[in-house]
Number of protein chains: 4
Amino acid sequence: MRQPALRPAAAGRRLEMKSEQIVLNQSRNVTLTTYLLEAGGEFGNIPKRPAVLILPGGGYQFCSDREADPVACPYLAAGFDAFILRYSVRKDAVWPNPLDDYEQAMQLIRSKAEEWNIYQDKIAVIGFSAGGHLAACAATMSVNRPNAAILGYPVTIGDDVRSCNVTAPDTISAVDKNTCPCFVFATRTDNLVPIRNSIHFVDALEQNDISFECHIYSHGPHGFSTCDASVQSYDTVIPQRVRSWVPDSIAWLKDIFGEFGNGCLTQPVCAKRSNGNMDDYLSVDCTFGYLMSKPEAAAVLTPILDKLKKAAASQNDDQNSQSMDPGAMDPAAMAVLTQRMKLRDLLSFGRAPAEAIEQIDQLLRKIANT
Amino acid sequence: MRQPALRPAAAGRRLEMKSEQIVLNQSRNVTLTTYLLEAGGEFGNIPKRPAVLILPGGGYQFCSDREADPVACPYLAAGFDAFILRYSVRKDAVWPNPLDDYEQAMQLIRSKAEEWNIYQDKIAVIGFSAGGHLAACAATMSVNRPNAAILGYPVTIGDDVRSCNVTAPDTISAVDKNTCPCFVFATRTDNLVPIRNSIHFVDALEQNDISFECHIYSHGPHGFSTCDASVQSYDTVIPQRVRSWVPDSIAWLKDIFGEFGNGCLTQPVCAKRSNGNMDDYLSVDCTFGYLMSKPEAAAVLTPILDKLKKAAASQNDDQNSQSMDPGAMDPAAMAVLTQRMKLRDLLSFGRAPAEAIEQIDQLLRKIANT
Amino acid sequence: MRQPALRPAAAGRRLEMKSEQIVLNQSRNVTLTTYLLEAGGEFGNIPKRPAVLILPGGGYQFCSDREADPVACPYLAAGFDAFILRYSVRKDAVWPNPLDDYEQAMQLIRSKAEEWNIYQDKIAVIGFSAGGHLAACAATMSVNRPNAAILGYPVTIGDDVRSCNVTAPDTISAVDKNTCPCFVFATRTDNLVPIRNSIHFVDALEQNDISFECHIYSHGPHGFSTCDASVQSYDTVIPQRVRSWVPDSIAWLKDIFGEFGNGCLTQPVCAKRSNGNMDDYLSVDCTFGYLMSKPEAAAVLTPILDKLKKAAASQNDDQNSQSMDPGAMDPAAMAVLTQRMKLRDLLSFGRAPAEAIEQIDQLLRKIANT
Amino acid sequence: MRQPALRPAAAGRRLEMKSEQIVLNQSRNVTLTTYLLEAGGEFGNIPKRPAVLILPGGGYQFCSDREADPVACPYLAAGFDAFILRYSVRKDAVWPNPLDDYEQAMQLIRSKAEEWNIYQDKIAVIGFSAGGHLAACAATMSVNRPNAAILGYPVTIGDDVRSCNVTAPDTISAVDKNTCPCFVFATRTDNLVPIRNSIHFVDALEQNDISFECHIYSHGPHGFSTCDASVQSYDTVIPQRVRSWVPDSIAWLKDIFGEFGNGCLTQPVCAKRSNGNMDDYLSVDCTFGYLMSKPEAAAVLTPILDKLKKAAASQNDDQNSQSMDPGAMDPAAMAVLTQRMKLRDLLSFGRAPAEAIEQIDQLLRKIANT
């Protein structure tokens, strides 16, 4: 048993949230508001914190206050530091001004990471509507890439982007293998930003094997922010379950960044990619089909697999297997399935010992993935 | 104040769930299991119930028990009757046998609706994996269409369908304007059914303006069923939030079908389509852009809109408007947005009185949508 | 349809949370930290806000930072303003210093209510452990009573109070008819503050017919604050459901104060008392038994009830009643039950028309409750 | 990685819930309805299941169908087998008939445990209102004690019990050290069963150091069952959060019984007692104060503690301790706190090594607790 850390701060000092408004660009009226929770003291397990950078929406005509502080609060409640960027709007929104604002903000946060007790590589961007467009640009085309992006009813498709900012770029075509993991949410009946903006963006992520999560709720208006009663019109019709995007996005960030642990964040449970097919070298995390399409890998694997098959066969005779009855599967179907399984999973499934898997991995990691 | 109905059933009679297994096709071993809750008596507000028809998965090789009873239970808990169809598998799964099984089951349920106290037009189909393929077929190509479909990690794309059943059809191309509302959920890292199967299906629904809800969770294995601990391997790594699909799908069904009300279900809050552009006649539920592209409608609307604009202009001088400051919007952007708003919303936004909207609607409903 | 208010604030002005630390007592190191959300502008429906005043725990030896900002954040996220009082501790905690600190803080907040856009009569106090003792004192013996109190693992029983502050008073005996509604939560296995402290306090509330809600979770350590991972030791064993106290307490506050509505809070749905037996005048909200024990009321009611009974009897012959079958109830049991029902409920149950109930109410309200 | 067990049942056999109605007593019309989920097959991890025995309410005048099947369903969904006992009512409810019915039912279930694949020592009773009284009797005075009890708006106090069944006993005075862990829930404004019935029962549990969980919601009518829309009057006013009692009680049962694990239930995380003070022999799970009041134990502990204190003192000099700053605590308060801590926790807190704690435990376990 360990007691919660109960050591009070040094006499007279209160560990309190610090807030300030930093002017990033006077002439374009760009500001960064900081909400920094304390670390250390009674928060002895938290020497540093992950953070979120919030980009409110407003059609590049204004930065909505409804998508600023009300969004920061639940992430603060979950132990994240929060920043709000009010970027260039109206005539100042000519591209790439808003993206430059983002770059400047992210650069500033990372440069102050030590002083502010923030993990430099655990900073997510959260954008809504036009701010969701800016967040998608940050995720796909910025120099200072965020480590995760949360996109609320975002504008992503060139044509739709231009309807609110004629100079701003399409983001679908910009999704690349360096895009960060994304969490996308929206309502299908959004009558300002067509829902295809969310679908096509997710489709592009899938094609690039970028980790994502996506929630499209059946109905509800545009611009619902956290969906809390305090940011809604009292007569808004929107399902209660839409409010789940907030805790769900926090849980997702912890899957991506790690949870508060013993003096540091724990290991993330959700990888950026679903397999190793796009890594620089081959590994047991590549799919079986992909590996067998590479002659060098096939040469390594064929003799090993033969050996394992024989071992498995003799084992199956001995025991009442918990695994899928091979007789139950159509062999053709089975063949297709194994093509797309990771070799690691396939080997585990075949009860290969951990050391064997490790050995195969080391052999494969010598082969460049070209 | 009204008291909950407390009238006990007639002496000695217990209102209990009735269960039986009906053989639909002896030679193909097709069965329909029924779980029928009682209606009437102490359930005085519930003369009839909505229902779900469950199609377990199993790669058309078997019908998984893990996706049968454990799925029925939470819907029963929410007041739905439940049916489980164990359809043709293995060699019997040659198309269209499984779809025929579905047709037979749905026909039987609807024919017994009176006797079983079921709403004939409030029957959803729920399918998982290969059963999700069959549910998608039911939703898009059956004669006896379901009223809603819940698809769990479904196989939908022809190529992927054929990897588990070579004779079974693609469903993406089958999505049409008669497809029922759909709720789709899956995990992105599913290593048996690629996540593109969910994305492409949702994309097809969007293109046909069919109501849907979609939840793709960042990670987790294939075949998680309800995600309850009692249907998982004890060491499965899957986010807690995946379990939300069950209550979310129930809430969604009630948005589509209505909630238990005063002796009947309440009015649904979620329409099948997001606007009237695909209806047989025009209406104020069509988008403004669509209406103005129809000369007959434009002729009706132009004089009316001129009049309303003038009224609105004089009104705006008088009062501190709560609505979006027109000066804040780029006129070009504003024009694009209004194109895609429903005329009804546009008129309300412009503070047109309800009777005026009603009058315009009646004029438009005389114009065929060709 | 109404659009969410989208009017941006006057050019250049950002609606942001304001935070400051106000020194209430220099020599005792007492401070009040304010977190004030903006009202008006895009928050057009919210001219004022309800508020919470947080009293951290720490055994009157210190004010725990773990029960300060992390508690403020979720209430801010729900649209409440938040204050943190760091009251007198250690040698300064000699009674009534801490209570004086509270009085000063509440007085200041109420005096600034206009300027800070706060509802003067919608201010809850939230206290933890020793701070829960102080909150219980505020609820039961302060001059400036709060409008609701949330007590987390509070110390309430004199003997236990004295074990952390020998000069501080018992609160159980102080519960009176002016005590505000209370929400009490704790874990049964709390090894610092025995769980009887919560039970006895709730018992005293019940005896005084004060509205309360109470959640005692089966196990978990003392001092869990919001139970969020960011305020726990990484290895704390505590049920996930304990975290519900935060949203539950917010929902409860809205039941007591009202929800954000059309420019004001809506009518509360939860009354302070369960019936009118302790009000200054009689009414239909008194229980039937209580009214019949008052000769003046009995004289009014007897003829009216006779008439209603006859009407009900003839009505029952006509229709298939949805109400409890009278034949199903033991008459003696029925008599006991009716004694403790409010007359209003009893009349509704008997299908008395609303106007008749209103008339009876007016007659009763002329009779002083002595 | 392990795959979920996918082995289909033997050809043609479907693993389905089995339901039957067993007549326990023809003349008193007592029946036991069984809902048995399958074990084995695809549920390979579940050779046996825990179970719930449901006792509907109805004032001992009838057994409410609203508190029968609708209650069974969510527990079935969570993997529990479910039984519904319709016990003796009206003239047959003369004591001890209903309790005899319970004894007969529990005896039958335990005798069939092998055949029905049920854990004999993981059977909870769930009762509502008068059924809650019967469940409380089962928990406190039956021969065949349940392993846990869930009491919904129960009648427990003699006087209130007699108002619905004149022959039935008080339960408060019957709470003893053999009472099983209890989960109690109710609404404060219940106008049929006064809320003191829940409070006094919980108070009695506390005095006997019996594990419990308790949720009293601020308002809502009597008889809300699962609080699902399908068992309510459409116009019932009751907080949404009341519905949490269902998943909360399931989570609590798993804390008491264990979670589905690797072929068996996992170790429970919630003990029946908060410490060992009522066990037959002393141990490190007794509180420090209790042990030191026993001369035999004090003789064992004094030299050991002296040694540990010295070790801890030297260790504190070396490192920046995460634990409570001793200087921050009033020594008198500290002394009181340590009295009521378990010796095990106190030793861990003082960084005693696990083996040392184990040794002390073995010494103490030789001393009878008299």
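Residues numbered from 1 in each chain as written. Chains lettered and ligands numbered in written order. Predicted model: local features only at pLDDT ≥ 70, side-chain atom pairs only at ≥ 80, totals over all residues.

**Student:** Sorry, what's going on with the overall build of chain A here?
**Tutor:** Summing up its helical and strand segments, chain A has 12 helices and eight strands in all. When burial is assessed residue by residue, chain A has 52% of its 370 residues classed as buried. Considering only contacts within chain A whose residues lie at least 6 apart along the sequence, 69% involve residues at least 24 apart. (Helix = DSSP H or I, 4+ residues; strand = E, 2+ residues; numbered from the N terminus. Buried ≥ 20, exposed ≤ 12 C-beta atoms within 10 Å, placed from the backbone. Contact = placed C-beta atoms within 7 Å.)

**Student:** Explain the interface of chain D and chain B here, please?
**Tutor:** Reports of interface size often rely on the accessible area that becomes lost once the parts have come together. Of the residues lining the interface, 48 residues belong to chain D; the matching set on chain B comes to 48 residues. Listed by contribution, the elements that provide at least two residues to the side of chain D that touches chain B are β2 (30-36) and α1 (69-77) of chain D. Its residues assigned to classes, the side of chain D that touches chain B shows 19 nonpolar, 17 polar and 12 charged. (Nonpolar A, V, L, I, M, F, W, Y, C, P; charged D, E, K, R; others polar.)

**Student:** How should I be thinking about the relation of the copies chain D and chain B in this particular structure?
**Tutor:** Related by rotation about an axis and a shift along that axis, the two copies of the chain form a pair. Structural alignment of chain D on chain B gives an RMSD of 0.1 Å, achieved by rotating through 180° and translating 0.0 Å along the axis. Taken together, the turn and the small shift mark the pair as related by a two-fold rotation axis. Interface overlap between copies: 100% of the residues of chain D at the interface are likewise at the interface in chain B, consistent with a symmetric, same-surface contact. (Least-squares fit on C-alpha atoms with pLDDT ≥ 70 in both.)

**Student:** Honestly, the pairing of strand β5 (residues 118-128) of chain D in this entry has me stumped. Any pointers?
**Tutor:** For a regular strand, side chains alternate in direction, first toward one face of the sheet and then toward the other. Residue and element names in this part refer to chain D. With eight of its 11 residues buried, β5 lies for the most part within the structure. In the sheet, strand β3 (residues 49-55) pairs with β5 via six bridges, with the strands oriented parallel. Note on β5: the bridge partner recorded for Arg49 is Ile118. Strand direction decides the pairing type here: β5 and strand β6 (residues 148-152), joined by five bridges, are parallel. Residue pairing in the sheet places Ile126 in a bridge with Ile150 of β6. Traced from β5 through helix α4 (residues 130-141) to β6, the parallel crossover comes out right-handed. (Pairing = 2+ DSSP bridges. Right-handed = clockwise from strand over helix to strand, strands pointing away.)

**Student:** In this structure, what is going on with the domain arrangement of chain A? I would like to understand it.
**Tutor:** Domain boundaries in chain A define domain 1 (18-257) and domain 2 (288-364). Placing the centre of domain 1 of chain A and that of domain 2 of chain A at their C-alpha centroids yields a distance of 42 Å. (Domains from an automatic or database assignment.)

**Student:** What am I meant to see in the environment of Val30 of chain A here?
**Tutor:** All names here are of chain A. With respect to the helices and strands, Val30 occurs in strand β2 (residues 30-36). In sequence terms Val30 and Phe185 are 155 residues apart; their C-alpha atoms lie 27 Å from each other. The contact partners of Val30, leaving out residues within four places of it in the chain, are Leu24, Asn25, Arg86, Tyr87, Ser88 and Asp101.

**Student:** Even after reading the chapter, I still don't get the relation of the copies chain C and chain A, so can you show me in this structure?
**Tutor:** Take chain C, turn it by 180°, move it 0.0 Å along the axis, and it overlays chain A with an RMSD of 0.1 Å. Residue by residue, 98% of the interface of chain C is reproduced at the interface of chain A, so both copies engage with the same surface.

**Student:** Just to check I follow, could you spell out the environment of Ser129 of chain C for this structure?
**Tutor:** All names here are of chain C. You can see Ser129 is positioned in the loop between β5 (118-128) and α4 (130-141). In sequence terms Ser129 and His222 are 93 residues apart; their C-alpha atoms lie 8.3 Å from each other. When near neighbours in sequence (up to four residues on either side) are disregarded, Ser129 contacts Gly57, Gly59, Tyr153, Pro154, Val155, Val193, His222 and Gly223.

**Student:** What is the right way to look at the interface of chain C and chain A in this model?
**Tutor:** Facing the 49 residues of chain C at the interface are 48 residues of chain A. Mapped by element, the contributors of at least two residues to the side of chain C that touches chain A are β1 (18-25), β2 (30-36) and α1 (69-77) of chain C. It is α1 of chain C that provides the largest number of residues to the side of chain C that touches chain A, a total of six residues.

**Student:** Any chance you could explain the packing of helix α1 (residues 69-77) of chain A against α1 of chain C here in plain terms?
**Tutor:** One way to put it is that α1 of chain A packs onto α1 of chain C with a least axis distance of 8 Å and a crossing angle of 145°. Crossing geometry of α1 of chain A relative to α1 of chain C is assigned as left-handed. Across the interface between the two elements, Pro70, Cys73, Pro74, Leu76 and Ala77 of chain A of α1 of chain A pack against Pro70, Cys73, Pro74, Leu76 and Ala77 of chain C of α1 of chain C. Tallied by class, the residues present in the contact of α1 of chain A with α1 of chain C amount to 10 nonpolar, no polar and no charged. (Axes fitted to C-alpha atoms, helices over the stretch in contact; angles between N-to-C directions. Left-handed = near helix turned anticlockwise from the far one by under 90°.)

**Student:** Would you mind going over unusual backbone geometry with me for this structure?
**Tutor:** Peptide bonds are, in most cases, trans, and in most cases residues other than glycine have a negative phi. The step from Trp95 of chain B to Pro96 of chain B runs through a cis peptide bond, and the omega angle for that step is 5°. Summarising the element assignment, Pro96 of chain B is placed in the loop between β4 (81-86) and α2 (97-111). At Arg90 of chain A, a residue that is not glycine, the phi angle is positive and equals roughly 50°. If you trace the backbone, Arg90 of chain A turns up in the loop between β4 (81-86) and α2 (97-111). The exposure class of Arg90 of chain A is partly exposed, given the 18 C-beta atoms found within 10 Å. A positive phi angle is found at Tyr153 of chain C, which is not glycine, with a value near 30°. Looking at Tyr153 of chain C, the number of C-beta atoms within 10 Å reads 27, which means it is buried.

**Student:** What's the story with α1 of chain C in this structure? I'm lost.
**Tutor:** Side chains three or four residues apart in an α-helix point the same way, a direct result of the helix having 3.6 residues per turn. Most of α1 of chain C is tucked away, with nine of its nine residues classed as buried. Within the span of α1 of chain C, buried status applies to Asp69, Pro70, Val71, Ala72, Cys73, Pro74, Tyr75, Leu76 and Ala77 of chain C. On its buried side, α1 of chain C packs onto α1 of chain A together with β2, β3 (49-55), β4 (81-86), β5 and α7 (245-257) of chain C. Residue Gly79 of chain C follows α1 of chain C closely and has a positive phi angle near 95°.

**Student:** Quick question: what am I supposed to make of the confidence of the model for chain A here?
**Tutor:** Caution applies to low-pLDDT regions: their predicted coordinates should not be interpreted in detail. Residue and element names in this part refer to chain A. Averaged over chain A, the pLDDT score is 89; the fraction of residues at 70 or greater is 89%. A low-confidence stretch, residues 1-11 stays under pLDDT 50, and its non-local contacts, those more than four residues away or across chains, total 34 contacts. Contacts of residues 318-329 to residues separated by more than four positions or lying in other chains number 17 contacts, the stretch itself having pLDDT below 50. We note a pTM of 0.91 for the whole complex and an ipTM of 0.90 for its interfaces. (pLDDT = per-residue confidence, 0-100.)

**Student:** I'm lost on the packing of helix α2 (residues 97-111) of chain D against α4 of chain D in this one. Help?
**Tutor:** When two helices pack together, their arrangement is given by the angle between the helix axes and by the axis-to-axis distance. All names here are of chain D. Contact pair α2 / α4: the axes reach a minimum separation of 10 Å and the direction vectors enclose 65°. Considering how the two elements wind past one another, α2 and α4 form a crossing that is right-handed. Here α2 contributes Pro98, Leu99 and Tyr102 to the contact with α4, which in turn contributes Leu134, Cys137 and Ala138.

**Student:** Is there a simple way to think about the environment of Pro70 of chain A in this case?
**Tutor:** If you trace the backbone, Pro70 of chain A turns up in helix α1. When the C-alpha positions of Pro70 of chain A and Tyr234 of chain A are compared, they lie 16 Å apart, and in sequence the two are 164 residues distant. Ignoring any residue separated from it by four or fewer positions in sequence, one finds Pro70 of chain A in contact with Ser225, Thr226, Asp228, Ser230 and Val231 of chain A together with Ala77 of chain C.

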